[in-house]
Every structure is written in structure tokens, then in C-alpha cells.
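The primary structure of each chain is shown beneath.
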Amino acid sequence: MGMVTRVFSRDEFEVESSAFVRTLADGPTTAYGFIKDNLNNHFSCSFDQALDGEVYRHQRCKDTQDHQDAVRAFTEKRKPVFNGI
């Protein structure tokens, strides 16, 4: 079902899970928040309303500095730097 993406031994767990959490924290947190909103929203609205919400959040996401830097990073062949802005 894809619910488990990584498995670690007890000895590796703290280091590996901390690295995974750091990867998430260094990512596009604004976009992650919008994804979470989309998932939560689908429980309380119609399909059409859910799609409208996704479109709205997608449009808001493209206006962020994070998105603009990600586009520049792609064209410059570098990793983007996300600031949650």
C-alpha cells in the first residue's frame, strides 16, 4: 500500500529518522502545507469543491518565493533553497 517507505534497525533509527525529518524540513514547506490542506479538505466537501481548493492552492503556491527559486534552480541545474516564503 505504500504506507511504509523506509525501515531501519533500532541502532540506525535515530540517525536515519532525523535525516529524513531534516529532508522534509528543508523542502518546500509551504507546498507541503497546501498538500495537507488538500487531503484534509476532501473529507468535508464535494469533489468539485475539492478540485477548486486544489486549483486555488496551486495558484497560491506558484506565487511563492520558494516556487520562483525552484524554477531558477531547475534552469541553473542546482538544488533549490526553500525558505517557506
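As a reminder, the structure under discussion sits directly above these lines.
Here's what I pulled together on the structure shown here. These figures come from a predicted structure and were not determined experimentally. Starting afresh in each chain, residues are numbered from 1 along the sequence in its written order. For a predicted model such as this one, the threshold for reporting local features is a pLDDT of at least 70, and the threshold for listing and counting side-chain atom pairs is 80 or more; totals across whole chains, interfaces and linings nevertheless cover every residue. The side-chain figures draw on all heavy atoms in the structure; neither hydrogens nor water molecules are used.

Attention shifts here to the side chain of Arg57. The helix count covers DSSP runs of H or I at least four residues long, the strand count covers runs of E at least two residues long, and both are numbered beginning at the N terminus. Mapped onto the elements, Arg57 comes out in helix H3 (residues 47–62). Residue class for Arg57 comes out buried when judged on its relative accessible area of 16%. Only heavy atoms enter the contact rule, under which two residues are in contact if any of them lie within 4.5 Å. Apart from residues no more than four positions distant in its own chain, Arg57 is found in contact with Phe34, Asp37, Asn38 and Asn41. Under the scheme applied here, a residue whose accessible area is under 20% of the maximum for its type counts as buried, over 50% as exposed, and between as partly exposed, the area being computed with a 1.4 Å probe on protein chains only.

With their axes 10 Å apart at the nearest point, helix H2 (residues 29–41) and H3 run at an angle of 170 degrees to one another. By the criterion of interaxial angle, the relationship of H2 to H3 is roughly antiparallel. Contact residues: Ala31, Phe34, Asp37, Asn38 and Asn41 in H2; Gln49, Ala50, Gly53, Glu54, Arg57, Arg60 and Cys61 in H3. Under the convention adopted here, Pro, Cys and the residues Ala, Val, Leu, Ile, Met, Phe, Trp and Tyr are nonpolar, Asp, Glu, Lys and Arg are charged, and Gly plus all remaining residues are polar. Residues belonging to the contact of H2 with H3 are distributed by class as follows: four nonpolar, four polar and four charged. Axes here mean lines fitted to C-alpha atoms, for a helix over just the part in contact, with angles spanning 0 to 180 degrees between N-to-C directions. Angles below 35 degrees are treated as roughly parallel, those above 145 as roughly antiparallel, those between 65 and 115 as roughly perpendicular, and all remaining angles as oblique.

A separate point is the side chain of Asp69. Relative to the assigned elements, Asp69 resides in helix H4 (residues 65–75). Each residue touching Asp69, except ones within four places of it in the same chain, is listed here: Arg78, Pro80 and Val81.

Turning to its location among the elements, Val55 is positioned in helix H3. Sequence separation between Val55 and Val81 is 26 residues; the distance between their C-alpha atoms is 24 Å.

A separate point is unusual backbone geometry. Despite not being glycine, Lys77 has its phi angle at roughly 55 degrees, a positive value. Tracing the backbone through its elements, the reader meets Lys77 in the segment after H4.

Owing to its 3.6 residues per turn, the α-helix brings residues three or four apart onto one side. Expected helix span is computed as 1.5 Å times (number of residues minus one). Here H3 is 16 residues long and its end C-alpha atoms lie 23 Å apart, about the 22 Å a rise of 1.5 Å per residue gives. Packing partners of the buried residues in H3 comprise H2 and H4.

Turning to the packing of aromatic side chains, a few remarks are in order. Any two of the Phe, Tyr and Trp rings considered here, Trp counted by its six-membered ring, make a pair once their centres fall within 6.5 Å; the pair's planes then place it as stacked at under 30 degrees, edge-to-face at over 60, or tilted in between. In total, this model carries one aromatic pair according to the counting rule given. Considering the side-chain rings of Phe8 and Phe13, the 6.4 Å spacing of their centres and the 65 degrees angle between planes classify their relative orientation as edge-to-face.

What follows is about a nonpolar patch on the surface. Residues forming no salt bridge and having over 30% relative accessible area are the ones grouped into patches, like charges within 9 Å of each other and nonpolar side chains (Val, Leu, Ile, Met, Phe, Trp, Tyr) within 5 Å. Reported accessibility uses the Shrake-Rupley method at a 1.4 Å probe radius. Residues are deemed covered only where the shown protein chains occlude them. A side-chain nitrogen of Lys or Arg and a carboxyl oxygen of Asp or Glu constitute a salt bridge if their distance falls within 4 Å. On the surface, a cluster of nonpolar side chains totalling about 530 Å² of accessible area is made up of Phe20, Val21, Leu24, Tyr32, Ile35 and Leu39. Of all the secondary structure elements, the ones that give two or more residues to the nonpolar patch are helix H1 (10–25) and H2. Within the secondary structure, Phe20 is located in helix H1.

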